[in-house]
Amino acid sequence: DITPLSFDSIAGVWELRYGDNYGYRFSLDRNYRAIIILYLSNSAVIFKGVYTIEDENTLRINISGMKREERVAGLNLNSGFVPVSSSYFIFRSRIFSRGDKMLMELSPARILIDHNSSEGFFEPLIRLTKRG
């Protein structure tokens, strides 16, 4: 069953982790704050911002800051971010259940960082599992 995208259905921590510390983590708070972590083996790229739902299958995350950490354990999610302007991620999205798991699929529609297209940050289809 597909669950319509809403602020209730999307709030939470969603992850996709591969071996060797590669993967994604999307933390979407009920107060619309977003933290997106891209795990790149021994380092991580972290984005912070706010999110909104544009329609029942479109998630938009407006990015206000980003940083790179040269480790993947004990990440500092509070400080050290470099401000960015005209930066946002737009994903085509759907949430569904499979067994006892909630899954969210994201397909990047537009990835813009500091006025530049940055499509290479995300795979064409990301299937995240809700944690907790």
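Residues numbered from 1 in each chain as written. Predicted model: local features only at pLDDT ≥ 70, side-chain atom pairs only at ≥ 80, totals over all residues. Heavy atoms only, no water.

So, the overall build of the chain
Alright, step 1. In terms of helices and strands, the chain carries 1 helix and 11 strands.
Alright, step 2. The order of helices and strands in the chain, counted from the N terminus, is β-α-β-β-β-β-β-β-β-β-β-β.
Alright, step 3. The C-alpha atoms of the chain give a radius of gyration of 14 Å, which matches the 14 Å a tight globule of 132 residues would have.
Alright, step 4. C-alpha extents for the chain along the principal axes are approximately 40 × 30 × 25 Å.
Alright, step 5. Considering the chain as a whole, with its 132 residues, one finds that 44% of them fall into the buried category.
Alright, step 6. For the chain, contacts bridging at least 24 residues in sequence account for 47% of all contacts bridging at least 6.
Alright, step 7. Surface accessibility of the chain: about 7000 Å² in total, with carbon and sulfur atoms responsible for 48%. (Helix = DSSP H or I, 4+ residues; strand = E, 2+ residues; numbered from the N terminus. Rg over C-alpha atoms; globule rule 2.2 N^0.38 Å. Buried < 20%, exposed > 50% of the residue type's maximum accessible area, 1.4 Å probe, protein only. Contact = heavy atoms within 4.5 Å. Areas by Shrake-Rupley, 256 points an atom, 1.4 Å probe, with all protein chains shown as cover.)

Here's the deal with unusual backbone geometry
Alright, step 1. Phi is positive for Ser-86, which is not a glycine, with a value near 45°.
Alright, step 2. Examined against the element boundaries, Ser-86 turns out to sit in the loop between β7 (82-83) and β8 (88-98).
Alright, step 3. Classification of Ser-86 as partly exposed rests on a relative accessible area of 37%.
Alright, step 4. Even without being glycine, Asp-114 reaches a positive phi, approximately 50°.
Alright, step 5. Topologically, Asp-114 is positioned in the loop between β9 (101-113) and β10 (116-117).
Alright, step 6. With a relative accessible area of 34%, Asp-114 lands in the partly exposed category.

By themselves, these figures tell us nothing about what the structure is for.
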